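Structure at a glance
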Amino acid sequence: MSKRVITPEDLLQLRSVTSPALSSNGEQLVYVETTLHNEKNSYAAELMKTSLTDPHSTVQLTQGEHVNRLPQWSPKEEILAFISNRTGTPQLFLLSGWGEPKQLTEEKKGVTDFKWSPDGTQIAYTSVQLPEDEKEDKEDKQLEPLVVNKMKYKSDASGFWQGEYTHVFTVDIHSHKHSQLTSGEMSYTLLDWMSDSQQVLVTTVNQKDTDFVFTNDLLILSVETKEQVQLTDQTHVISEASVSPDGAYIAMRAHERAYENATHFEIYLLELATTTWTKLTADWDVQLGPVVAADFLQNTVDPGLVWSQDSKSISLLVSSNGNVDVYQVSVDGTREALLTGDQHVYGFALHPDGQTLVAGISTSGHPGDLYLTKVKTNEVTRLTTSNDSVLDELEVVQAEEIRFAHEEGHELQGWLMKPAGFSEGESYPLIVEIHGGPHAMYANSYMHEFQTLTSRGFAVLYINPRGSLGYGQEFVNAVRGDYGGGDYRDIMAAVDYTLEQNPWIDETRLGVTGGSYGGFMTNWIVGHTNRFKAAVTQRSICNWTSFYGVSDIGYYFTEWQIQADLNETDKLWKHSPLAYVNQIETPLLILHGEKDYRCPIEQAEQLYIALKRREKTTTFIRFPEANHELSRSGKPSLRLRRLEAIGQWFDQYL
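Notes on the structure follow.

1. Some words on the overall build of the protein
From N to C terminus, the protein includes 11 helices and 41 strands. Its C-alpha atoms give the protein a radius of gyration of 25 Å, near enough to 26 Å, the size a compact globule of 654 residues would have. Here the C-alpha coordinates of the protein stretch approximately 70 × 60 × 55 Å along the principal axes. Each of the 654 residues in the protein was classed as buried or not, and the buried ones make up 59%. Across the protein, every contact between residues at least 6 apart in sequence was considered, and the portion connecting residues at least 24 apart equals 57%. Distance between charge centres in the protein, computed from 53 positive and 89 negative side chains, equals 4 Å.

In structure tokens form, the structure reads like this:
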């Protein structure tokens, strides 16, 4: 049977298979299967259950095209807890006997996260709480002005801050009795339960003025008395912490801001009996945790620091050299690879035996499935086949790795995708893709955007330039204070290398595109070379001076990354692509979301008007209601329109 090329609309057919959760006995697996719905212009995520010994026994646990996510089994019984928006807002539900789910919470702003207690009798959860005068709906509520008294007053994810804070609650699963553990004008993040099921582990920023506070503290909260014990002294950025099953240790993933947001995380171990902290990963120059720049998977969950049942080791995801692997770190600091390869492990569940994993794995040629892996024997069994019927019809292009030594002394890694239907002797155009961040990593992972471009007859080149994670602390830090310098030279060196190695690429038909930092770099490139005949800049930055004041992270991100503030406008302007607009000759398509607070749309407006005033070739497309996440989790209809716009622009000019 002849296969057809991939189209943007195939996003509506393909399924994300994520969030594996194993029952306490290790026999049952629940996971999330997410689809996009064209008619409702929304997402649906259903819970699926299967047996590790009989993957053909899969059943669908939830119905109704709602978003059901974050499944977690009780540590003691075959009871499943999860978050669902079936009643309008995300609430906590229980499912047992595989009947109708029972609702546990009715929080006005919904539930954001939860954890089972080790004894299986309680669930701790977090919920955003509104100020007292906002808790009751008022009839005929009039528009009110927003009074702003802080710098961190808006968020690309949640919009404008209006006095709400995230607090921690518990609920007894039998009596349904609720208790609020935290209150006041500070937010808390729930991390874990202590082993006694009487205390929970949280982080918070114990200050009212947080505009210049970027660290947080680890606390233990008593469920009964609500007393707090502070374990750290505002010296670290803490992203994760987990308690060993025997209650002897707390493992913490954190860093001390040595390179601000370019700093690698470390694992710290607190021995509770001696209150001794030990850094377990001081000699390991890798990024702990997943940092992949991708556009397909939905409802992925970083499992964090997963303890073995014997409390002797911790398993976690590690990003390195274009792969995301699973490693195990013992309490004495020794390390062991559990699952590695040219792949993106986007989640895993550890079996009680400590030697078996259920892992979600994606590659450049496959969106992802769940696999059962035996660590000792490397035996791998595929558990899900959710996309097989669709993939059987499609010509999916596999990426080919490229590695080369840069003349400046470091090695660069990237990937080249040939056009679908590639034929020897033919000549093809090339599109260069640049990831955002800049502290992210392209990986051996499926990218739907890249597949749609190869289906139109384009080759696609993507690399990890200086500033990318996955290649050591020095490499990721090298971009700070040098935007448009070494990173630009890395990208152009990759283009030169690829052209030299692949004479079938037509060097007169080159395109370039990227989003966020990748949009900045696209703008920078077309302002510094005319080698590219078409470009698409997405959710980009063009002017660091204005970005400083309008982005939700502007003032501190600019100081950290450009290493200049408003007292150094010459430096901000030097690194701003808008300063080089007179040199832009490349036809430039500008894509931006109307509600992007990370890289606000005024950045696109400035660039568009500057180009049009100079009678340059440009088009500006504004996506209504879309924030910075448009390409990854935006409205399905807008995601499709975006992919079509990119493809059509390159069709027209290449």
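2. Quick word on the packing of helix α2 (residues 448-455) against helix α11 (residues 636-653)
The geometry of α2 relative to α11 is characterised by a closest axis approach of 10 Å and an angle of 35 degrees between their N-to-C directions. When you trace α2 past α11, the crossing you get is right-handed. Two secondary-structure elements touch here, α2 through His448, Glu449, Thr452 and Leu453 and α11 through Arg642, Leu643, Ile646, Gly647 and Phe650.

3. A short note on the sheet that holds strand β38 (residues 505-515)
In a beta sheet, neighbouring strands pair by backbone hydrogen bonds and run either parallel or antiparallel. On the basis of which strands lie adjacent, the open sheet formed by 8 strands has the order β34-β35-β37-β36-β38-β39-β40-β41 and mixed pairing. Pairing within the sheet leaves two strands with one partner each, and these edge strands are β34 (400-405) and β41 (618-623). Pairs of neighbouring strands in the sheet enclose a mean axial angle of 20 degrees, with direction left out of account. For strand β35 (residues 411-417) and strand β37 (residues 459-463), the ladder comprises 4 bridges, and the chain directions are antiparallel. Opposite Trp415, over in β37, you have Tyr462 as the bridge partner. Each of β36 (428-434), β38, β39 (534-538) and β40 (588-593) is contacted by helix α5 (residues 517-526), which is oriented at about 140 degrees to β38, the strand it contacts most. Those strands touched by helix α9 (residues 602-613) are β39, β40 and β41, and its axis lies near 155 degrees from that of β41.

4. Some details on the environment of Ala293
Locating Ala293 in the fold gives a position in the loop between β24 (287-288) and β25 (306-307). The spatial distance from the C-alpha of Ala293 to the C-alpha of Ala337 is 23 Å, given a sequence separation of 44 residues. Non-local contacts of Ala293, meaning those with residues more than four positions away in its chain, are made with His435, Ala440, Met441, Tyr442 and Met447.

5. Concerning the pairing of strand β4 (residues 42-51)
The side chains of a regular strand alternate, first on one face of the sheet and then on the other. Within β4, 9 of the 10 residues are buried, which leaves it mostly tucked inside the rest of the structure. The loop that links strand β3 (residues 28-37) with its antiparallel partner β4 comprises 4 residues; one of these, Asn41, has a positive phi angle of about 55 degrees. Of the strand pairs in this sheet, β4 and strand β5 (residues 59-60) are connected by 2 bridges, and their pairing is antiparallel. Considered in β5, the bridge of Met48 is made with Gln60.

6. Some points on the packing of aromatic side chains
Enumeration over the complete set of coordinates arrives at 35 aromatic pairs. Here the aromatic rings of Tyr442 and Phe450 are separated by 5.7 Å at their centres, their planes lie at 70 degrees, and the arrangement is edge-to-face. You can call Tyr442 buried: its relative accessible area is 3%. Each ring, one from Tyr517 and one from Phe520, has its centre 6.0 Å from the other, and the planes form 25 degrees; the classification is stacked. Of this pair, Tyr517 and Phe520 both sit in helix α5, 3 residues apart, which is roughly one turn of the helix. Exposure class is identical for Tyr517 and Phe520. Each is buried. Three or more aromatic residues link up through ring pairs in this structure, and these residues are Tyr483, Tyr517, Phe520, Trp524, Trp544, Phe547, Phe557 and Tyr580. One residue, Arg86, lies across the ring of Phe93, its end atom 5.4 Å from the ring centre.

7. Some details on the nonpolar core
In terms of nonpolar packing, the biggest core is built from 89 residues, with Val432, Leu461, Met521, Trp544 and Phe650 touching the most fellow members. If sequence neighbours within four positions are ignored, Leu461 has contacts with Ile402, Trp415, Leu416, Leu430, Ile431, Val432, Glu433, Ala494, Val495 and Thr498. Formed by 26 residues, the second largest nonpolar core is a distinct cluster that contains Val17, Leu22, Leu383 and Leu391.

8. Some thoughts on the packing of helix α4 (residues 486-501) against α5
Contact geometry for α4 and α5: axes closest at 11 Å, N-to-C directions at 75 degrees. With respect to each other, α4 and α5 are oriented roughly perpendicular. Listed contacts from α5 to Asp487, Tyr488 and Ile491 of α4 are Tyr517, Met521, Trp524 and Ile525. Each residue belonging to the contact of α4 with α5 can be placed in one class, and the counts come to 6 nonpolar, no polar and 1 charged.

9. Side note on α11
Here α11 is 18 residues long and its end C-alpha atoms lie 26 Å apart, about the 26 Å a rise of 1.5 Å per residue gives. Along α11, the residues that are buried comprise Pro636, Leu638, Arg639, Leu640, Arg642, Leu643, Ala645, Ile646, Gly647, Trp649 and Phe650.

10. Re unusual backbone geometry
Peptide bonds are mostly trans, and most non-glycine residues show a negative phi. With an omega of 0 degrees, the peptide bond running from Gly437 to Pro438 counts as cis. Even without a glycine there, the phi angle at Thr275 is positive, about 50 degrees. Along the chain, Thr275 falls in the loop between β22 (266-271) and β23 (276-279). What makes Thr275 exposed here is its relative accessible area of 61%.

11. Concerning the sheet that holds β23
Strand order in this open sheet of 4 strands is β20-β21-β22-β23, and the pairing throughout is antiparallel. Either end of the sheet is taken by a strand with one partner, and the two such strands are β20 (237-243) and β23. Within this sheet the neighbouring strands show an average axis-to-axis angle of 25 degrees, counted without direction. As defined by bridge partners, β22 adjoins β23 across 4 bridges and the pair is classed as antiparallel. Within β23, the residue paired with Leu270 across the bridge is Trp277.

12. What about the pattern of salt bridges?
Using the criterion set out here, one finds 25 salt bridges in the structure. In this structure, the salt-bridge partner of Glu260 is Arg257, at a minimum N-O distance of 2.8 Å. Put simply, Arg642 and Glu449 hold a salt bridge, and the shortest N to O gap is 2.5 Å. One end of the pair, Arg642, is in helix α11; the other, Glu449, is in helix α2, and 193 residues separate them in sequence.

13. Things to note about the pairing of strand β32 (residues 379-382)
Sheet analysis places strand β31 (residues 366-374) next to β32, joined by 4 bridges and oriented antiparallel. If you follow Thr373 over to β32, its bridge partner there is Val380. Where β31 folds back on β32, the antiparallel hairpin that results is connected by 4 residues, among which Asn378 adopts a positive phi of roughly 60 degrees.

Quick notes on the rules
- Residues numbered from 1 in each chain as written.
- Predicted model: local features only at pLDDT ≥ 70, side-chain atom pairs only at ≥ 80, totals over all residues.
- Heavy atoms only, no water.
- Helix = DSSP H or I, 4+ residues; strand = E, 2+ residues; numbered from the N terminus.
- Rg over C-alpha atoms; globule rule 2.2 N^0.38 Å.
- Buried < 20%, exposed > 50% of the residue type's maximum accessible area, 1.4 Å probe, protein only.
- Contact = heavy atoms within 4.5 Å.
- Lys, Arg positive; Asp, Glu negative; His and termini not counted.
- Charge placed at Lys NZ, Arg CZ, Asp CG, Glu CD.
- Axes fitted to C-alpha atoms, helices over the stretch in contact; angles between N-to-C directions.
- Left-handed = near helix turned anticlockwise from the far one by under 90°.
- Pairing = 2+ DSSP bridges.
- Phe/Tyr/Trp six-rings, centres within 6.5 Å; stacked < 30°, edge-to-face > 60°.
- Lys NZ or Arg CZ within 6 Å of the ring centre and 35° of its normal.
- Core = buried A, V, L, I, M, F, W, Y, C linked by side-chain atoms within 4.5 Å.
- Parallel < 35°, antiparallel > 145°, perpendicular 65-115°, else oblique.
- Nonpolar A, V, L, I, M, F, W, Y, C, P; charged D, E, K, R; others polar.
- Expected span 1.5 Å × (residues − 1).
- Salt bridge = Lys/Arg side-chain N within 4 Å of Asp/Glu carboxyl O.

Purely spatial values, then, with no claim about function.
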